[in-house]
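Chain residues, written in single-letter form:
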Amino acid sequence: MPFNQKPEKFAAKINTVTIGNGDKAIALGGESVLPLYTFDGPIDNAPKVGVEITDLGVEDIPGVKAYYEGCGSVADMAKKASEMEGADFVVLSLKGGDPNGEDKPTEDLVAIVKEVVAALGDYPLVVEGSGNVEKDNELLTKVSEACQGTNALIMSAKEENYKTVGASAGLAYGLNVGAESAVDINLAKQLNVITTKLGVNPEKIVMNIGNAAVGYGYEYVVSTMDRIRNAALSQNDDTLQMPIITPVSVDAWSVKESMASEEDMPEWGPAEERGIGMEIMGAAADLVSGSHAVILKHPQSVATIAKMIKELV
Amino acid sequence: MAKFIVVGERIHCISPVIREAFEKRDPEPILKRAKEQIEAGATYIDLNIGPAENDGEDLMKWGVKLIQENFDNIPLALDTANKAAIEAGISVYNRDKGKPIINSADAGDRLSYIDLAAHNDAIVFALCSAGAVPADADERMVFCQQMLEHGLTLGMEAEDLWFDPLFLVAKGMQEQAQHIMNATRMMNEMGLITTGGLSNISNGMPKEIRPIVDSFMLAMCMANGLSSIIANPCDRKLMETVKTCDMLLNNTMYADSYLEL
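Per chain, residue numbering runs from 1 following the sequence as it is written. Lettering for chains starts from A, numbering for ligands starts from 1, and both go in the order in which the items are written. The model is predicted, so local features are restricted to residues of pLDDT at least 70 and side-chain atom pairs to those at 80 or more, both for listing and for counting; the totals for chains, interfaces and linings are taken over all residues. Side-chain numbers here rest on the full set of heavy atoms in the structure, without hydrogens or water.

K.L.:
Can you help me understand the overall build of chain B in this one?
P.N.:
Strands here mean DSSP runs of E at least two residues long; helices mean DSSP runs of H or I at least four residues long; both are numbered from the N terminus. Along chain B, the regular secondary structure elements total nine helices and eight strands. Using C-alpha atoms as the atom set, the radius of gyration is obtained and then compared with a globule rule of 2.2 Å times the number of residues to the power 0.38. Taken over C-alpha atoms, the radius of gyration comes to 17 Å for chain B, in line with the 18 Å a tight globule of 261 residues would show. Projected onto the principal axes, the alpha-carbon positions of chain B cover approximately 45 × 40 × 35 Å. Expressed as a percentage of its 261 residues, the buried residues of chain B come to 54%. Any two residues whose heavy atoms approach within 4.5 Å are treated as being in contact. Here the analysis covers contacts within chain B between residues at least 6 apart in sequence; of these, 67% occur between residues at least 24 apart. Here's how the labels work: a residue is buried when its accessible area is under 20% of the maximum for its type, exposed when over 50%, partly exposed in between, all with a 1.4 Å probe on protein chains only.

Here's what the structure looks like:
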C-alpha cells in the first residue's frame, strides 16, 4: 500500500512576537504545527538563537574568552556577540545585581544597559534581571525605561513580581515581557492569564517555562513543553499560545559535567568540550520539545544549533 | 476529547421581551442577550423564533444578520418549526466560524429536518424520540440509529448529527435521568456527538433548586461523554460546572484562574 501522508491540522496558532526593530527584528512563533513539524505545515519563523553576555564581563572559558578578545566594555561584547556566526539576538544578563552575589547598584547596571542599547541599535536585545525577585522589581523597571523604543524582551516577570515587571516593561514602555515559571505548567498558564489581565498585550508575552541541564530532571521540561504546545494547538488554549524562550547556558555550564576540571576527571576529557556538549544537547532537545528561542553562550554551540535549525526548517 | 460546547438558549420567543423585539424588529434586546451569553461562554447562540408562520423567513434573516454582524459571525442554531424560515436564515448565514445548526429533527414527524440539514450543509440536532416519551436508553438508541442511517444515506457526515437523548423532567419522571445518562454513554461509545435541552430536567422545581439540579445533571452527563448542551450560560453555577468538568476531563489545562476564563 502506498504511504498516504496526512498532515496534522490545528485550528489554532502560536502568537507571533517581534523583538527588535526594522530589518534586524526577529519574530518568534506564528506556526500552527508541532515543533519543527514542517511536513505538517509551514513554519515561517524558524527558531532563534540568542547569545548571552553578562554585566560581569568575559567569562573564563577559553573559547569564549578568545571570541571577545579586545572588548573593553560590556557594550563592546554586545556588539561582538551580535556578529557571532548563527546569532539572532543578544541576551544581556544583569546577574551582577544579585544581592547574594556582587550586589551591583541599579544605577551602574542601568548605565551598562544604556551603553548596550546604544551599541546594538535596532538589533534584537533581551535583558535578564539579577534573578532576585526584590532587586528585579526596581532594576527591571529602570531597565525597561532605558530600553524604551527598542522593542526588547525583558526577563522576567515571575509570580511574585509580575505586576511591577509587567506594568513597567509591558504597559509603560511597550516592551515584550518574559513570563517565568519553573517547570510548572499550571503556573505557566496562570502567569500568562494574570499578566494579560494586568493589561499586557498577549502578543507581547514570551514564556520562559524553566529549564534543567540534561540529566537533571530534564524530562519534566520536555513534558511541560509538550503539554503546553498540545493545549495551545489542540485545545486552542489562547492563554498558552505564547512562544517559549529557554535559557540553556545557565544550567548547562553549572553542573559537574561541565565544571569538573580535567585534572579531577581525566577520563571525561577537556571541560570546555563537555560544556559545549551540554549546551548543544540541551538546546537541541528544547527546540524539539517546543522552544522558539534558546539562549547559549559558547560560539561553537551557537554555530552548531544555528546550523541544526537551518537544516531542519 | 474536545472542549464542551454550550449553545446559549436565551434568545427565545417565549420570553415576552424577545417576542416583542421580534415583532418590532428592535435590535437592542436581542443584542443584549446575545452579548451576555457570549461573554458568559456560549459557543453557539440559539435563535428561537417560535412557529413564526407569517413572517418567519424575513424574521430569521433579520435575526441571523443582526447577531452575526454584531458578534464576529458567531455560529448560530436556527430554531423554528418553519422550514422555509430555516432555509431563509441559512441563505444569509456566514460560515466563517462554523456551520449553522438546525434545531431540530426527531425520528418521527420531524425526520425531514435531517434532509433539510443535508441539503444545506448544516448540523442538525436530532432528538431521540418519535413523539412519545422513549421508555429507556435502548429505545433512544433505536431512534438514534434510525436518524444516523437516514443522515448517512443522504450523504451527511456523522459529526453533523448531534444526538439529543431527550432530557425530560425529573419531577415526575425521575427514572428517566439515568436513561438519559446511559443513552449518552452509548452514543459516546459509538463516537457520536451529543447534545440536549438541559433545563427540562428541573422543570417545575423551585427557582432556587433549578441551578443545582441542572448542574449536577450536566456533570453526570459530561462524565458519560456528553459533548454539548443547550442551556443558559448566564447561570453561573452551570458555567462553573462546565469549566470544572472540562478541566477534570482534561479537555482544558488547569490554572488557578480557570473559572474566570
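The structure having been displayed, the exposition proceeds.
K.L.:
Whenever I open this one, the packing of aromatic side chains confuses me. Can you help?
P.N.:
For any pair of aromatic rings, geometry is given as the distance between the ring centres together with the angle between the planes. What counts as a ring pair is set by centres within 6.5 Å for rings of Phe, Tyr and Trp (its six-membered ring), and what kind of pair is set by the plane angle: stacked under 30 degrees, edge-to-face over 60, tilted for all other angles. If you walk through the whole model with that rule in mind, you get five aromatic pairs over all chains. Relative to Phe39 of chain A, the ring of Tyr37 of chain A has its centre 4.8 Å away and its plane inclined at 35°; by these criteria the two rings are tilted. Members of the aromatic cluster, joined through ring pairs, are Tyr44, Phe125 and Trp162 of chain B. As a reminder, the over-ring test applies to NZ of lysine and CZ of arginine, requiring each to be within 6 Å of the ring centre and within 35 degrees of the ring normal. Between the NZ or CZ atom of Arg25 of chain B and the centre of the ring of Trp62 of chain B, over which it lies, the distance is 5.8 Å. Positioned above the aromatic ring of Tyr113 of chain B is the side chain of Lys83 of chain B, whose terminal nitrogen or guanidinium carbon lies 5.2 Å from the ring centre.

K.L.:
Whenever I open this one, the interface of chain B and chain A confuses me. Can you help?
P.N.:
Accessible area lost when the parts come together is the quantity often used to give the size of an interface. Counting residues at the interface gives ten residues for chain B, matched by 13 residues for chain A. Accessible area that two parts lose when put together, evaluated with a 1.4 Å probe and summed over both, is termed the buried area. Of the roughly 900 Å² buried at the junction of chain B and chain A (both faces included), carbon and sulfur atoms supply 53%. In the analysis that follows, any N or O atom pair within 3.5 Å is treated as a polar contact, provided that within protein one partner can donate a hydrogen and the other can accept it, and provided that, for residues neighboring in sequence, both atoms belong to side chains. The interface formed by chain B and chain A holds seven residue pairs in polar contact (both at pLDDT 80 or more) in total. Residue polarity follows a fixed list, in which Ala, Val, Leu, Ile, Met, Phe, Trp, Tyr, Cys and Pro are nonpolar, Asp, Glu, Lys and Arg are charged, and the others, Gly among them, are polar. Of the residues belonging to the side of chain B that touches chain A, the class tally is four nonpolar, four polar and two charged.

K.L.:
Looking at this model, I keep getting lost on the sheet that holds strand E5 (residues 123-127) of chain B. Mind explaining?
P.N.:
Pairing between the strands of a sheet is mediated by backbone hydrogen bonds and can be parallel or antiparallel. Residue and element names in this part refer to chain B. Should DSSP find at least two bridges between two strands, the strands are taken to pair. Across the sheet, eight strands lie side by side as E7-E6-E5-E4-E3-E2-E1-E8; this open sheet has parallel pairing. With one partner strand each, in any of the chains shown, strand E7 (193-194) and strand E8 (228-231) form the two edges of the open sheet. Summarising the sheet, E5 and strand E6 (residues 161-164) pair through four bridges and their orientation is parallel. Along E6, the bridge assignment pairs Phe125 with Trp162. Packing of helix H1 (residues 16-24) onto the sheet brings it into contact with strand E1 (5-12) and strand E2 (44-48), and relative to E1 it is tilted by some 70°. Only the contacting stretch of a helix is used when fitting its axis, a line to C-alpha atoms as for every element, and angles between N-to-C directions run 0 to 180 degrees.

Any link to function would need more than the numbers given here.
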